[in-house]
Amino acid sequence: MAGAESQLRSLGWTEKCLAFIDFLGFKNLVDEVERDAAMARALVENLRAPYQLARHLAPFFDRPGIDVRPKIRSFSDLIVFSAETPLWVADL
C-alpha cells in the first residue's frame, strides 16, 4: 500500500476528511414548499446552516502551516464537507 500511496501523492492527491449529508425526502419537501411560502423561507435558511456553521467553527481549525478548515460544496440535496487531514487527527 505504501507504493500506491506515494504514487497518489506524486499525482497531487492528498488525504482528506469527508462528510456527506443527504436530505432524505427532499423532493417531497420541495413539492410542499411550492405551496407554502413560510416553509420555503425555512428551507432556504436550513440549507444555509452548514455554511454558517463552518464560518463559526473556522477559528477552531486554524493551525500553523496547514489549512484544515472545511470546504463545503452542495449539489441539490447533498452537502459535502471536506478538509485536509490534519496531523493531529492521527493522534486521536
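These lines cover the structure that appears in this document, whether it is placed above or below. All residue numbers refer to positions counted from 1 along the written sequence of the respective chain. Selection of residues for local features in this predicted model requires a pLDDT of at least 70, selection of side-chain atom pairs for listing and counting requires 80 or more, and totals for whole chains, interfaces and linings are taken over all residues. Each side-chain value is derived from all of the structure's non-hydrogen atoms; neither hydrogens nor water enter the calculation.

## Quick word on the pattern of salt bridges
Stage number 1. The salt bridge criterion pairs a side-chain nitrogen of Lys or Arg with a carboxyl oxygen of Asp or Glu, the two atoms within 4 Å. Summed over all chains, the structure comprises two salt bridges.
Stage number 2. Two residues, aspartate 31 and lysine 27, come together in a salt bridge whose shortest N-O distance is 3.1 Å. Placement of the pair is aspartate 31 and lysine 27 together in helix α2 (residues 26-33), with a separation of four residues, close to one helical turn.
Stage number 3. With a 1.4 Å probe rolled over the protein chains alone, any residue whose accessible area is under 20% of its type maximum counts as buried; one over 50% counts as exposed, and the rest are partly exposed. The class of lysine 27 is exposed, set by a relative accessible area of 59%. Secondary structure elements follow DSSP: runs of H or I of four or more residues count as helices, runs of E of two or more count as strands, with numbering from the N terminus.

## A few points about the sheet that holds strand β4 (residues 71-75)
Stage number 1. Only strands joined by at least two bridges in the DSSP assignment are considered to pair. In spatial order, the strands read β1-β5-β4; together these three strands make up an open sheet with antiparallel pairing. The sheet is open, and its two borders are formed by β1 (16-22) and β4, each paired with just one other strand. Neighbouring strand axes in the sheet, compared pairwise and without regard to direction, differ in orientation by 15° on average.
Stage number 2. Here β4 pairs with strand β5 (residues 78-84) via five bridges, running antiparallel. Within β5, the residue paired with phenylalanine 75 across the bridge is leucine 78. Helix axes use the C-alpha atoms of the stretch in contact, all axes being lines fitted to C-alpha atoms, and the angles between their N-to-C directions lie in the range 0 to 180 degrees.

So far we have only geometry, and geometry alone does not tell us how the molecule works.
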